[in-house]
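# What the coordinates show
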Amino acid sequence: MKSNILIVGGSYAGLAALHSIKQTLLKTKSPISVTLIEPKSGFLNILGIPRCIIDRKFAAEQYIPFKEFLKFDTVISDDETTKKELTGSTGLDLRYIQGKVISLTPTNAAYKVGNTEGGMDFDYVILATGRDRNWPISPEAVSFESYLKEIDAVLDKFKESDTISLIGGGAVGIEISSELKTTFPDKTINLIHPHGSLPPEPVSDKFKSEVLQSLKNAKVNVLLNTRVQDEQKGKITTTVGDEIESDLNIWTNSHSNNLAYLSDDFEKFITSKNDIKTNGYLQTFPNVFVVGDLMELLTIKSAGWAIHTSIQAATNVLNSINGEPLIESKVPFDNIPAHKLTLVGGDDTIIHELNNILEINPPKLVEEYKTYRLSTTAPFLGITVNSP
Ligand SMILES: Cc1cc2nc3c(=O)[nH]c(=O)nc-3n(C[C@H](O)[C@H](O)[C@H](O)COP(=O)(O)OP(=O)(O)OC[C@H]3O[C@@H](n4cnc5c(N)ncnc54)[C@H](O)[C@@H]3O)c2cc1C
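Just so it is clear, the structure is predicted and the values come from calculations on it, not from any experiment. (Residues numbered from 1 in each chain as written. Predicted model: local features only at pLDDT ≥ 70, side-chain atom pairs only at ≥ 80, totals over all residues. Heavy atoms only, no water.)

## Notes on the overall build of the protein chain
Of the regular secondary structure elements, the protein chain holds ten helices and 22 strands. With 388 residues in all, the protein chain has 53% of them scored as buried. The contacts in the protein chain between residues at least 6 apart in sequence include a share of 64% that link residues at least 24 apart. For the protein chain, the exposed area adds up to about 17600 Å²; of that, 49% sits on carbon and sulfur atoms. Between the mean site of the 38 positive side-chain charges and the mean site of the 48 negative ones, the protein chain shows a separation of 3 Å. (Helix = DSSP H or I, 4+ residues; strand = E, 2+ residues; numbered from the N terminus. Buried < 20%, exposed > 50% of the residue type's maximum accessible area, 1.4 Å probe, protein only. Contact = heavy atoms within 4.5 Å. Areas by Shrake-Rupley, 256 points an atom, 1.4 Å probe, with all protein chains shown as cover. Lys, Arg positive; Asp, Glu negative; His and termini not counted. Charge placed at Lys NZ, Arg CZ, Asp CG, Glu CD.)

Rendered as structure tokens:
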């Protein structure tokens, strides 16, 4: 099988690229085949994970099955229902493979669907495989039903634990500890962080002290300058020998970029942080574009950047096909002047900073975070979401 354009990964970055390419092809009617390879048959708004894992109804609203907003002319899946639900004429040549790429050279991808392997040549590829995190932050489920079962299992674990410790006070640890304390006020929620302030992202000291204050107000037990040495049943031992009671530990500080499938050809583009370095057009090889969390970006990675880079890559793939000049990002990736971070602190406080200007509970973001910004990102992915 051959596809003119292959998109690997179908979350914020991959779906934004697909949507952008589709919009253009619907206008130009160019005979260009586009294939998406993604194991999940739906879009999960990862931004909402801190609330999804404590609220089943919210979790259900944050997962949009592909059948609600996508059709493909050809579907390869080991699930007959998925095949039936997603197959339909688009007027284009769109294909979906519900599986994972297991190896990729600059011209060919091998993939696995269930236990069956397949292969595909391509002219252009957009790599959008992002990153995975520890349980329960990156659900493994590939369908809506199995995702809800996974959420139920997480909730059961929370319910049976009197003390829950989040290890790592980055944005993810802060949001999960805040959500847990709001939902389970009688449980002890520890947030353990190795440094004297949090989060470690490049934000102002004022931002950090607002975050700490919001957590204290919400009665999250913040343990700064504390490193975990050992975990045993019911307790954590720190590097200075202190013991902390804990029934359930969640490591929120680590993540790994999904790039193990890349062939040795890509070695020279992989940085010490396991990001992929691209040029200003988002290319590694002239026909290989890398977007979203997978690429090297010298600022705080975000869904916004994933969408921004994908739209640029989609334009550049089509421009390459049409022999037109490629476009650079309006913001140079190696010199981003304004860092931006928004997070949900204790008691649902929205703490936002852009370019050193701090805002607490700005009304627009308070509204947007009711859906953890699903309604803001959805249009870029071709999803229509009803307001809450
Ligand atoms: C808890 C949490 C809260 C966050 N909050 C915010 C926030 O408030 N605002 C914000 O802007 N950002 C936030 N982020 C960051 C944001 O989620 C990421 O920047 C964004 O998900 C990056 O999108 P992506 O499409 O590049 O990668 P991902 O979302 O990681 O998606 C990668 C996709 O690739 C697929 N994939 C992986 N391997 C393969 C393979 N071999 N073959 C095929 N497909 C594959 C995966 O199934 C997945 O669908 C948060 C992240 C977390 C974890």
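## Points about the UniProt feature "domain: FAD/NAD(P)-binding" (unreviewed entry) in the protein chain
The residues that UniProt annotates with the feature "domain: FAD/NAD(P)-binding" (unreviewed entry) are residues 4-301. Annotation note: span residues 4-301, helix share 26%, strand share 29%, distance between end C-alpha atoms 29 Å. (UniProt positions renumbered as here; feature names shortened; annotations may be inferred.)

## Some details on the pattern of salt bridges
Within this structure, the stated rule accounts for 17 salt bridges. Among the ionic pairs, Asp93 bridges to Arg95, the shortest N-O distance being 3.1 Å. On the accessibility criterion, Arg95 (15% relative accessible area) is buried. A salt bridge links Glu296 to Lys277, with the nearest nitrogen and oxygen atoms 3.0 Å apart. In this pair, Glu296 sits in the loop between β19 (288-290) and α8 (303-321) while Lys277 sits in the loop between β18 (255-257) and β19, placing the two residues 19 residues apart along the sequence. Because the salt bridges share partners, they merge into one network encompassing Arg51, Glu179 and Asp348. (Salt bridge = Lys/Arg side-chain N within 4 Å of Asp/Glu carboxyl O.)

## Considerations on the sheet that holds strand β20 (residues 340-344)
Judged by pairing direction, the sheet is antiparallel, and its three strands sit side by side in the order β20-β21-β22 without closing on themselves. With partners counted over all chains shown, the strands left at the sheet margins are β20 and β22 (357-360), one partner each. Averaged over neighbouring strand pairs, the angle between their axes works out to 10° when direction is ignored. (Pairing = 2+ DSSP bridges. Axes fitted to C-alpha atoms, helices over the stretch in contact; angles between N-to-C directions.)

## Remarks on the pairing of strand β6 (residues 93-97)
For β6, the tally of buried residues reaches four of five residues, placing the bulk of the element in the interior. With five bridges connecting them, strand β2 (residues 33-37) and β6 associate as parallel partners. When the bridges of β6 are listed, Ile37 appears paired with Ile97. Note: strand β5 (residues 74-76) against β6, three bridges, orientation parallel. The residue bridging Val75 from the neighbouring strand is Tyr96, located in β6.

## Topic: empty space enclosed by the protein
Enumeration over the complete set of coordinates arrives at one cavity of 30 Å³ or more. Estimated volume of the largest cavity: approximately 60 Å³. Across the lining of the largest cavity, the residue classes break down as seven nonpolar, one polar and one charged. (1 Å grid on protein atoms, 1.4 Å probe; cavity = no way out; pocket = protein on both sides within 12 Å on 5 of 7 lines; lining within 4 Å. Points joined across faces, edges and corners; volume = space filled by probe spheres on them. Nonpolar A, V, L, I, M, F, W, Y, C, P; charged D, E, K, R; others polar.)

## Focus: the site of the ligand
Close contacts around the ligand come from 32 residues, with Ser11, Ala13, Glu38, Asp293 and Tyr369 the closest. Contact between the ligand and Ser302: an oxygen atom at 3.4 Å from a main-chain N or O atom of the residue. For the ligand, whose unbound accessible area comes to 1000 Å², protein coverage reaches 91%. Here the shell around the ligand gets three residues from one element, more than from any other, and that element is α8. Taken together, the residues that form the shell around the ligand break down as 16 nonpolar, nine polar and seven charged. (Near = heavy atom within 4 Å. Polar contact = N/O pair within 3.5 Å; in protein donor to acceptor, adjacent residues only side chain to side chain.)

## Observations concerning the packing of aromatic side chains
Going through the model one piece at a time under the given rule, you end up with ten aromatic pairs. Here Tyr63 and Phe144 contribute two aromatic rings whose centre-to-centre distance is 5.6 Å and whose plane-to-plane angle is 50°, an arrangement assigned as tilted. Highlighted residues: Tyr63 in strand β4 (residues 63-65) and Phe144 in helix α5 (residues 144-159), separated in sequence by 81 residues. Members of the aromatic cluster, each reached through a chain of ring pairs, are Phe66, Phe69, Phe72 and Tyr96. One residue, Arg51, lies across the ring of Phe58, its end atom 5.4 Å from the ring centre. (Phe/Tyr/Trp six-rings, centres within 6.5 Å; stacked < 30°, edge-to-face > 60°. Lys NZ or Arg CZ within 6 Å of the ring centre and 35° of its normal.)

## Points about the environment of Trp135
Its location among the elements puts Trp135 in the loop between β10 (131-133) and α5. Note: C-alpha distance between Trp135 and Trp251 (116 residues apart in sequence) is 7.8 Å. Once residues lying within four places of it in the same chain are set aside, the contact partners of Trp135 are Val154, Lys157, Leu248 and Ile250.

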